[in-house]
Protein chains: 2
Amino acid sequence: MTANSKLTIAAHALAWLELARRRGREVLTSEEVAASVNTNAVIVRRSLGDLQRAGLVRARRGNGAGFSLGRSAAEISLLDIWLAVSAEPLLALHRSEPNLECPVGRGIRPVLTDLYDEATNAFRAALARSTVDDVLERILR
Amino acid sequence: MTANSKLTIAAHALAWLELARRRGREVLTSEEVAASVNTNAVIVRRSLGDLQRAGLVRARRGNGAGFSLGRSAAEISLLDIWLAVSAEPLLALHRSEPNLECPVGRGIRPVLTDLYDEATNAFRAALARSTVDDVLERILR
DNA sequence: CTCAAAAGCAACCGTTTCTGTTACGCCGGA
DNA sequence: TCCGGCGTAACAGAAACGGTTGCTTTTGAG
């Protein structure tokens, strides 16, 4: 599996937006964000586009355009970001249906679905405990 | 990210091995396991090969060979399986180093590493709560 | 009204990972 | 010695991701 750095890119962008805001720059362009993350501006626009659809950032177009936070950095958790940028489940069931003539093949899927949900919920709960504000505070400390 | 079904395949194989054992068949070939999982025997051998390296199953070669559980099904947790088949981290940092001239770029990596570790540990702890025996019991109930 | 800056978006590419498949070497009990 | 079955290499197809280019759309500024 290709490990997923989408959360990293998005969290970095939001932390940078918040730091810029504290310094009096309410809006940053995708180029400016990309310079900090060290990636392409299109990658940033794609990522922030996901966040915009979730209401976490605002995008202004036209001349003098750019991105700004959609709500307070203390009200954006890592879980919010994760849900906005990564719809993929952490664990997948069988790619092709198991053999239904075998008791295990017949009954395993709902069981694993339940257990995978529990693990995923634990993962999400941990992400929900930190916000963009927390991340930035730990960076600056 | 391509969702990972390795845990599913391995857990299915182990549950099937345990059910067969209860029915008096201590050893199953990769073909027999593959028939239940509905995949190729090589996939099963690769998966059970990982589990063997972790001590979760035993593989016998030669005539009349096959796989059997390495220890009691109640002593094999989903976490054990996960660790054996999937060394990949759930979340990755930046692919290329962020801009170190930016305060965020300079400080974000250890912060995210910590937070990702917490989320991953929560995920693992949830997987540790269920065993192959639990899975099989829930299937048969 | 025009211009230009910047987001939005589509089409690629290269890389990686996963599943699947074939083929073959090697082991070991009968 | 035979031969069933594991171990493993090689390869193919699909999917996802990061990256890149180029074009369209929006919109404030002059």
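Residues numbered from 1 in each chain as written. Chains lettered and ligands numbered in written order. Predicted model: local features only at pLDDT ≥ 70, side-chain atom pairs only at ≥ 80, totals over all residues. Heavy atoms only, no water.

Caption draft 1: Seen up close, the packing of helix H5 (residues 103-128) of chain A against helix H6 (residues 132-140) of chain B. At a closest axis distance of 8 Å, the pairing of H5(A) and H6(B) adopts a crossing angle of 115°. Considering only the axes of H5(A) and H6(B), their crossing is right-handed. Contacts from A:Pro103, A:Val104, A:Gly107, A:Ile108, A:Val111, A:Asp114 and A:Leu115 of H5(A) reach H6(B) at B:Val135, B:Leu136, B:Arg138 and B:Ile139. Tallied by class, the residues present in the contact of H5(A) with H6(B) amount to eight nonpolar, one polar and two charged. (Axes fitted to C-alpha atoms, helices over the stretch in contact; angles between N-to-C directions. Helix = DSSP H or I, 4+ residues; strand = E, 2+ residues; numbered from the N terminus. Left-handed = near helix turned anticlockwise from the far one by under 90°. Contact = heavy atoms within 4.5 Å. Nonpolar A, V, L, I, M, F, W, Y, C, P; charged D, E, K, R; others polar.)

Caption draft 2: Region of the structure containing the interface of chain B and chain A. Listed by partner, the interface residues are 54 residues for chain B and 53 residues for chain A. Here chain B and chain A share an interface that buries about 4,800 Å² over both sides, 69% of which is from carbon and sulfur atoms. Across the salt bridge formed by B:Arg138 and A:Asp114, the nearest N and O atoms sit 3.0 Å from each other. Linking chain B to chain A there are 18 residue pairs in polar contact (both at pLDDT 80 or more). Elements represented by at least two residues in the side of chain B that touches chain A include exactly helix H1 (6-22), helix H2 (30-37), helix H4 (78-85), helix H5 (103-128) and H6 of chain B. (Buried area = accessible area lost by both parts, 1.4 Å probe. Salt bridge = Lys/Arg side-chain N within 4 Å of Asp/Glu carboxyl O. Polar contact = N/O pair within 3.5 Å; in protein donor to acceptor, adjacent residues only side chain to side chain.)

Caption draft 3: Quick look at the relation of the copies chain B and chain A. Aligned on chain A, chain B shows an RMSD of 0.1 Å; the corresponding rotation is 180° and the shift along the axis is 0.0 Å. This pairing of chains is accounted for by a two-fold axis. Identified as the residue of chain B closest to the rotation axis by C-alpha distance is B:Phe123, at 2.4 Å. Of all interface residues in chain B, 98% are interface residues in chain A too; the two copies therefore contact each other through one and the same surface. (Least-squares fit on C-alpha atoms with pLDDT ≥ 70 in both.)

Caption draft 4: Expanded view of unusual backbone geometry. Although it is not a glycine, A:Asn38 sits at a positive phi angle of roughly 65°. The residue A:Asn38 is located in the loop between helix H2 (30-37) and helix H3 (41-53) in this model.

Caption draft 5: Structural view of the pairing of strand E2 (residues 66-69) of chain A. Residues and elements named next belong to chain A. Of the pairings in the sheet, the one linking strand E1 (residues 57-60) to E2 comprises four bridges and is antiparallel in character. Looking across to E2, one finds that Arg 58 is bridged to Ser 68. Between E1 and E2, which follow one another and run antiparallel, lie five residues, and Gly 62 among them has a positive phi close to 80°. (Pairing = 2+ DSSP bridges.)

Caption draft 6: Highlighting H1(B). The terminal C-alpha atoms of H1(B) lie 25 Å apart, and with 17 residues this matches the ideal 24 Å at 1.5 Å per residue to within 8%. Most of H1(B) sits out of view: 14 of its 17 residues are buried. (Expected span 1.5 Å × (residues − 1). Buried < 20%, exposed > 50% of the residue type's maximum accessible area, 1.4 Å probe, protein only.)

Caption draft 7: Geometry of the pattern of salt bridges. Throughout the structure, instances matching the rule amount to 18 salt bridges over all chains. Of the charged contacts, one joins B:Arg25 and B:Glu32 as a salt bridge, the two residues approaching to 2.9 Å between their closest N and O atoms. A relative accessible area of 28% means that B:Glu32 is categorised as partly exposed. One salt-bridge network, held together by shared partners, links A:Glu18, A:Arg21, A:Arg22, A:Asp133 and A:Glu137.

Caption draft 8: Seen up close, helix H6 (residues 132-140) of chain A. Buried within H6(A) are the following residues: A:Val132, A:Val135, A:Leu136 and A:Ile139. Seen along its axis, H6(A) keeps its buried residues to an arc of 95°; they face one direction. Elements in contact with the buried residues of H6(A): helix H1 (6-22) and helix H4 (78-85) of chain A together with H5 of chain B. (Arc of directions from axis to C-beta.)

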